[in-house]
Amino acid sequence: MAMLQMRDIIWGLLFLGCTAAIQVQITPAQGEISVGESKFFLCEVTGEAKDIDWYTPSGEKILHSMQDLSVSRSDEVTSSLTIYHANVDSAGIYKCVARDGEKEAQATVQVKIFQKITFQSAPSPQEFTEGDTADIVCNVVSSPPPTIIWKHKGSKIQASKDVRYKIMANGHLQIRGIKKTDEGMYTCEARVMARGEIDFKTMKVVVNVLPTIRARQFEVNATADIGSSALLACDADGFPDPVVTWTHNGAALEEGDKYSLNEDGSELIIKDVKKVDEGDYTCTATNKAGEKSQEVGLNVFVQPKITYLNNKTASEFDEEVILTCEASGDPTPTISWSSESTIFTEGEQASWTRPDKYESLDRNIVVYSHARVSSLTLKNVQFTYAGQYLCIASNSIGQDSQSVYLEVRYSPKILGRVASYTWEKNPANISCEVDAHPEANVVWFKDGSQLPSANTTNVKIYNMPTVSYLEITPESQIDFGNYNCTATNELGSESKEFILIPADVPSAPEIQQVESFSSTAMVEFKEPDSTGGVPLLKYRVEWRFPGKEWTHKEYSVEDGNTKILVTGLKPETAYEVKMSAINGKGEGESSAASSFKTKPVQYSFTISSETLPAIAATILPLIGEPSAPKLEANLAEEGNSLRVTWIKQDDGGLPIIHYLVKYKAKHVPEWKPEIRVPSLSEHMTLNGLAWNTEYEVHVVAENQQGRSDPGVVSIKTAAQPTAIPGSAHGGSGLGTGAIVGILIVVFFLLLVGVDVTCYFLNKCGLLMCIAVNVCGKAGPGAKSKDIEEGKAAFTKDESKEPIVEVRTEEEHSPNQEVKTPTEPNETTPLTEAEPAVTETTPLVVKILPSTATNSVSESFSTAQSSPASESTTLTISTSSPTKAAPSTTSPNSSSTAPPGAGKTDPQPNVGPLVDLSDCPKAAPPSHQTPPALEPVSPPSDGQQSKGDSVKGRDSAQSKESRLDGPTQDAPKAPCTDSPAPVQNDGKIVKDDNAKSETEVKNATTEVKTVPNEAPQANGNESRA
């Protein structure tokens, strides 16, 4: 029952809902529209409606296409009304009506139209003149009328507090006596309180300022008739920037050939100024606020110009000579005279009523100046007055100068050094310098007799315009003595005596101090009191062990250098040293011998705790760090380059590996990067240094044990030159074409040099082709090349003798000293005995297979006096199943076995020793310990040196070579010729029938040693 009642209620409600009335709602419910704006309204219907219509305030139905009104229906329940560009007539109540059959519903909306704030006139910018009353315009309308507020720089203008401001009834802002400070942005703000509406307009106010103008110079000076220009300038200020114009004598000046103006007209340039351009010029500045003028005066002057000046001629001892100079100019110029560095004037301006006068202290030179004329009077004319005199005319704007030449005729004057020194057979020049005008004739006399000018004897005469040379080659004491030079011209003659004195050898220098080191000594000496009349050439220094033979070396003379370094000494050894001076005449007496002792080498080493001290002292090498090198620094030619030279001191028992150089400016803390220099170098140049700066240089020597303390030297670079040398003489001496030509010639010469080198060394190149094709031979040196390539046979049977080539490389040492530095030649005797060399040259040994023999002994002998002479012992061994036969020694040959000769040699297959003595020389002991050697007997007269016995150990195909250095106690061997039965091309070859010869199969030996200086091929070499 309850369920039936609920269902009836629901159906009743549904029926009532379907039969309910239609509802209409407009959004927004009301609207305000500003004039000219547009707005729409939406009519929404609840329920079903067939028609939805809009009606105007007058009740007229709005159709779809009415003016400024539009109705649109987007769906079944909504419709919109749009009002375009609303005006006052658009205001009123609009109605929306919805209908569905007999059902109808409606809604209304009230539309209000108002005037929005509108600025009708507010121009920007608005310009005013400073000091005027300004009316700043701002016209604005609205409904209701707005309230106007003015602001300047963000602050509200309150007219009640500043009487200069006033807001007018029409909303304008009035400013009395406007200033430049009032310039800026102003804001005109309008407000409608009824609806809270606000709007503003910003405008720029510009205050123009009347121009001001001022001349940079009220008086401008210019020089006429020299093509110069004059600049007149007026600086103008104002706002806006004024434009400047110029007038002269009432006429406006325009840009053209005569005048030029800059962009704003403030600068007027008058070209090629003349005297007629002088006067007043007016500059006028103009802008929107007005104009202003200023006058500038132009003064035109004339530079001085010398109008009269003539050369003069006078004779010596004339009473006086007058030089006259006239000049023009405005203002009137002052005239002065000068000669070289002397000025003859007081410098005051002359006038018509008071002429200037200048007199020298001896009153022989007098200057008179009167207005535009000046005269220079020289009294008691002397020959030194001859030369150029300068007339200078000057005033406040410039000067002019011209030279006048005074010619003075005078008799000869003879100059020159009176005494000359020489010796017999040595030419000497006596100079007779003659100063005369006109030119003089010179005649020489000896003992009253005129010397001939034919130059056929030992006396020759060479005459030049200003000097006459007498060259004498004395043949005896008669040629020494007095010589007379007589010069004659038309004004007179003069004679002078010259003396030729026999030169003598210099006196002995005096050794003052000897500073010794371990292997060197610095000898400080006093120069000879007498040079013998001629310059010193060399110093000869000799040193020795007490009671032994002297060793010497010659040193070139250097100005101001009184120190000489002696090298190649033994540590902790007593020496005697003496020295003498050498000039062109010869060597003078030696100084007294001075004794000194070298210092020991400072070594550092560590002895193991497990080694007995006595044993450690004998087996440990005495090695240590080297000593600091001695430094010397000199400026190079560039001025900002330094040449640093060092002298090696103790090397610590090991060879110097290299030197380390670093440097810096003294005022700078950072050092330049360290430079590594090879051990054989003794100097280096530091380039690109700062000018006029003191530098500190450190040089450190380093060996395998460590580094030495630094050698230190300081030196200051030269001041920077203000001009490039030679630039004052007209620039570069060579053109581009000349430089290119020189480069081409140098390149061609280099090509020729390379081709010649290839011809003589490698037998190739263009010269080689020409020699082969034209001459039909391989050219000089071909035989030597065949020997180097192993193509030459040294014995009768080429199949049984080895091919041997020896090359040595000399090890140059700064400590080596040579007793006899004379180079050998074909005439040098080779029979004198020479001491043996204590230090040998390293060898380059190359072993090649051979089928001939297992040992070769070869000896070379060169001239005894060669500075590159060496003694080299070479041991060669090759494996062979056959033992070497015992060697047979010549009866005249001698050989002394060392203490260790009886011990077993650690090297297997040791061949006989080869003595390559290349004229031995004395040398200091080496700091490297050489291996033990078997002494070699030097060849004697009429005997050939034969090889020692060799014991070889059997080996299948092994080949081995061993190079033994010489012992320090090697016997002294004379450089003698070794005769041989066969002589071929300057080389002596031993006959292969010698009893000591041993045949070895399947082995060939080639030994190469490269000499630093090739031995003289004079037939004194021997091969065994």
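The coordinates are above.
## Section: the overall build of the protein
So, step 1. Check the secondary structure of the protein and you find five helices and 65 strands.
So, step 2. Within the protein, contacts between residues separated by at least 24 positions form 67% of all contacts whose residues are at least 6 apart in sequence.
So, step 3. Looking at the protein as shown, the accessible area adds up to about 57,200 Å², and 51% of this sits on carbon and sulfur atoms.

## Describing the pattern of salt bridges
So, step 1. Inspection of the entire model under this criterion finds 28 salt bridges.
So, step 2. Here aspartate 53 and lysine 61 are joined by a salt bridge, their closest N and O atoms 3.5 Å apart.
So, step 3. Owing to a relative accessible area of 14%, aspartate 53 belongs among the buried residues under this scheme.
So, step 4. Residue lysine 61 is classed as partly exposed on the basis of its relative accessible area, which comes to 38%.
So, step 5. In this structure, the salt-bridge partner of aspartate 272 is lysine 274, at a minimum N-O distance of 3.6 Å.
So, step 6. Through salt bridges with shared partners, a single ionic network connects Asp53, Lys61, Arg99 and Glu104.

## Quick notes on helix H3 (residues 736-761)
So, step 1. With 26 residues, H3 extends 37 Å from end C-alpha to end C-alpha; this agrees with the ideal 38 Å at 1.5 Å per step.
So, step 2. Phi turns positive one or two residues past the end of H3, at lysine 763, with a value near 55°.

## As for the state of the cysteines
So, step 1. According to the stated counting rule, one finds five disulfides in the structure shown.
So, step 2. There is a disulfide in this structure between cysteine 138 and cysteine 188, and the S-S distance comes to 2.0 Å. Its S-S torsion of about -90° marks the bond between cysteine 138 and cysteine 188 as left-handed, since a negative value means left-handed. In this pair, cysteine 138 is assigned in the loop between strand S11 (134-136) and strand S12 (139-141) and cysteine 188 in strand S17 (residues 184-192), connecting sequence segments 50 residues apart.
So, step 3. Look at cysteine 188 and you get buried, because its relative accessible area is 0%.
So, step 4. Paired by a disulfide, cysteine 325 and cysteine 391 hold their sulfur atoms 1.9 Å apart. Handedness here is read from the sign of the S-S torsion; for cysteine 325 and cysteine 391, about -80°, the answer is left-handed. Pair noted here: cysteine 325 is in strand S28 (residues 320-330) and cysteine 391 is in strand S34 (residues 387-395), with a separation of 66 residues, a long-range link.
So, step 5. Taking relative accessible area as the criterion, cysteine 325 reaches 0% and is therefore assigned buried.

## Topic: the sheet that holds S11
So, step 1. Pairing within the open sheet is antiparallel, and its three strands lie in the order S11-S16-S15. Of all the strands in the sheet, just S11 and strand S15 (165-167) have a single pairing partner and so form its edges. Neighbour to neighbour, the strand axes of the sheet diverge by 20° on average, direction disregarded.
So, step 2. As defined by bridge partners, S15 adjoins strand S16 (residues 173-175) across three bridges and the pair is classed as antiparallel. Its bridge partner lying in S16, lysine 166 is registered against glutamine 174.

## Overview of unusual backbone geometry
So, step 1. Cis rather than trans, the peptide bond between phenylalanine 239 and proline 240 has omega equal to -5°.
So, step 2. Counting through the fold element by element, proline 240 comes out in the loop between strand S20 (230-239) and strand S21 (243-248).
So, step 3. With an omega of 0°, the peptide bond running from aspartate 330 to proline 331 counts as cis.
So, step 4. Along the chain, proline 331 turns up in the loop between S28 and strand S29 (334-339).
So, step 5. The backbone of aspartate 272 sits at a positive phi, close to 45°, despite the residue not being glycine.
So, step 6. In this fold, aspartate 272 is placed in the loop between strand S24 (267-270) and strand S25 (279-287).
So, step 7. By relative accessible area, which is 35% here, aspartate 272 ends up partly exposed.

## Side note on the nonpolar core
So, step 1. Of all hydrophobic cores here, the largest spans 24 residues; its most connected members are Val24, Ile26, Trp54, Ile83 and Tyr94.
So, step 2. Contributing elements (two or more residues each) for this core: strand S1 (23-27), strand S3 (39-46), strand S4 (51-55), strand S5 (69-72), strand S6 (78-83), strand S7 (92-100) and strand S8 (103-114).
So, step 3. Here this core gets five residues from one element, more than from any other, and that element is S8.
So, step 4. The contact partners of tyrosine 94, leaving out residues within four places of it in the chain, are Ile26, Tyr55, Thr56, Pro57, Ile62, Leu69, Leu81, Ile83, Ala107, Thr108, Val109 and Val111.
So, step 5. Residues Ile306, Leu309, Phe344 and Cys391 belong to the second largest nonpolar core, which totals 23 residues.

## Section: the environment of serine 627
So, step 1. With respect to the helices and strands, serine 627 occurs in the loop between helix H2 (613-619) and strand S51 (630-635).
So, step 2. Separated by 82 residues in sequence, serine 627 and aspartate 709 place their C-alpha atoms 6.6 Å apart.
So, step 3. Discounting chain neighbours no more than four positions away, the residues touching serine 627 are Gln649, Asp650, Ala701 and Ser708.

## Overview of the pairing of S24
So, step 1. The alternating pattern of S24 places Leu268 and Ile270 on a buried face, while none of Glu267 and Ile269, on the opposite face, is buried.
So, step 2. Examined bridge by bridge, S20 and S24 share four bridges and lie antiparallel to one another. From the neighbouring strand, leucine 231 faces S24, where its bridge partner is isoleucine 269.
So, step 3. Here three bridges tie strand S23 (residues 259-261) to S24, and the two strands are oriented antiparallel to one another. Across the sheet, the residue bridging to tyrosine 259 is isoleucine 270, located in S24.

## Focus on a negative patch on the surface
So, step 1. Residues Glu527, Glu558, Asp559 and Glu632 make up a contiguous surface patch of negative charge.
So, step 2. Mapped onto the secondary structure, glutamate 632 falls in strand S51.

## So, the sheet that holds S4
So, step 1. The four strands are arranged S2-S8-S7-S4 in an open sheet whose pairing can be described as mixed. Whereas interior strands pair on both sides, the edge strands pair on one side only; in this sheet they are strand S2 (30-34) and S4. The sheet shows a mean angle of 20° between the axes of neighbouring strands, taken without regard to direction.
So, step 2. For S4 and S7, the ladder comprises five bridges, and the chain directions are antiparallel. The partner of tyrosine 55 across the bridge, within S7, is lysine 95.

Scoring rules and cut-offs
- Residues numbered from 1 in each chain as written.
- Predicted model: local features only at pLDDT ≥ 70, side-chain atom pairs only at ≥ 80, totals over all residues.
- Heavy atoms only, no water.
- Helix = DSSP H or I, 4+ residues; strand = E, 2+ residues; numbered from the N terminus.
- Contact = heavy atoms within 4.5 Å.
- Areas by Shrake-Rupley, 256 points an atom, 1.4 Å probe, with all protein chains shown as cover.
- Salt bridge = Lys/Arg side-chain N within 4 Å of Asp/Glu carboxyl O.
- Buried < 20%, exposed > 50% of the residue type's maximum accessible area, 1.4 Å probe, protein only.
- Expected span 1.5 Å × (residues − 1).
- Disulfide = S-S within 2.5 Å.
- Pairing = 2+ DSSP bridges.
- Axes fitted to C-alpha atoms, helices over the stretch in contact; angles between N-to-C directions.
- Core = buried A, V, L, I, M, F, W, Y, C linked by side-chain atoms within 4.5 Å.
- Patch = residues over 30% accessible without salt bridge, like charges linked within 9 Å, V, L, I, M, F, W, Y side chains within 5 Å.
- Lys, Arg positive; Asp, Glu negative; His and termini not counted.
- Charge placed at Lys NZ, Arg CZ, Asp CG, Glu CD.

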